[in-house]
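A structural walkthrough
Each chain, written out:
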Amino acid sequence: MPTHADQDSCCSVHVERNLVYATVDGTDLAGDYYRPGTAGAVPVVVAVHGGGWKLGSARFYQHWGPYLAAQGIALFAIDYRLAESAQHHYPAAADDVRAAVRFVRANAERLGIDPRRVGLIGDSAGAHLATLAALAGGGNVQDEGRSLQVKAVVAVYGVYDLVAQWQHDLQARPHDQITEIFMGHSPLDDRLRFIEASPLSHVTRQGRGTAFLVAWGTADDVVDWESQSKSFVGALKQVGCFVRTVAITDAPHFWMSDPLDDPYGYPIRLAPSLLRFLREHL
């Protein structure tokens, strides 16, 4: 897979596209890396796109990458294996996110980042994968000799309880059971597997070293924020995690990929809180 770099002189952002972070079964997994054009090691967030685990790409973060890099925070937006064949059901995508965290830490010097200041950001299915990687792969869990713990996670209109999402979809979208596509089966066949794959199940005191910013739209008709974001935030608070919330009034689902230069858009309403959170916790 080809790699190239270009320089945005306007905001001094270095962009490296199609940067391979892992190879699985002969297939390269890659992402787009946005870095501040400044000297010294900087913090980085690994960005995980949404799309119901079955569509989407790293380009969903083509606006957030330059925005954060211009503010001194690198962003590595990744592609991951989508649930489009029998080989790519859970835990394939979750493993890919962990591989991306491992990659930025292992290549910190070349990438110009501080390996101690790594975070995750994701929306919708990407928020599910980001929080699962942080909670089920963090703390004292070691991978190839390196801790998978991240300092901060930004999760936007995410799915944190797969069984609750399955129940919601029975009413809202019975012909598009996204959790069954992701898992490869129904919870009626294996409910424990759904519970295992839910970030909510991994919220424990051991994960208190990670800070969370959880955001959602109050008009979301794809993911029910009360059974997902609200329940997830409550669990995080119970175990003592640092958590902040942003509820975007009247916002629907799927807007994190929208441009940030729209003064009436939803991303620009989230941006100040998101930037402040990352600056404080990375």
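In this report, we go over the structure that sits alongside the text. Just so it is clear, the model here is predicted, and its values are computed rather than measured. (Residues numbered from 1 in each chain as written. Predicted model: local features only at pLDDT ≥ 70, side-chain atom pairs only at ≥ 80, totals over all residues. Heavy atoms only, no water.)

The next point concerns the nonpolar core. A general feature of soluble globular proteins is that nonpolar side chains tend to end up buried together. With 63 residues, the main nonpolar core has Tyr21 and Leu120 as its most contacted residues. Excluding residues within four positions of it along the chain, Tyr21 makes contact with Leu29, Ala30, Gly31, Phe76, Ile78, Asp79, Tyr80, Asp96, Ala99, Ala100 and Phe103. (Core = buried A, V, L, I, M, F, W, Y, C linked by side-chain atoms within 4.5 Å. Buried < 20%, exposed > 50% of the residue type's maximum accessible area, 1.4 Å probe, protein only. Contact = heavy atoms within 4.5 Å.)

Now for helix α4 (residues 125-136). Look at α4: 16 Å from first C-alpha to last across twelve residues, which is about the 16 Å you get at 1.5 Å a residue. Most of α4 is tucked away, with eleven of its twelve residues classed as buried. Taken residue by residue, α4 has Ala125, Gly126, Ala127, His128, Leu129, Ala130, Thr131, Leu132, Ala133, Ala134 and Leu135 as its buried positions. (Helix = DSSP H or I, 4+ residues; strand = E, 2+ residues; numbered from the N terminus. Expected span 1.5 Å × (residues − 1).)

Further remarks concern the pattern of salt bridges. In the structure shown here, the tally under the stated rule is nine salt bridges. In this structure, Arg98 engages Asp95 in a salt bridge whose closest nitrogen and oxygen atoms are separated by 3.3 Å. Note that Arg98 and Asp95 are positioned in helix α2 (residues 92-106) at a spacing of three residues, about one turn of the helix. Given the relative accessible area of 35%, Asp95 is considered partly exposed. Residue Arg193 is joined to Glu196 by a salt bridge in which the shortest nitrogen-to-oxygen separation is 2.9 Å. Placement of the pair is Arg193 and Glu196 together in helix α7 (residues 191-196), with a separation of three residues, close to one helical turn. What makes Arg193 partly exposed here is its relative accessible area of 27%. According to the relative accessible area criterion, Glu196 is partly exposed, its value standing at 34%. The network of salt bridges with shared partners includes Arg17, Asp32 and Arg59. (Salt bridge = Lys/Arg side-chain N within 4 Å of Asp/Glu carboxyl O.)

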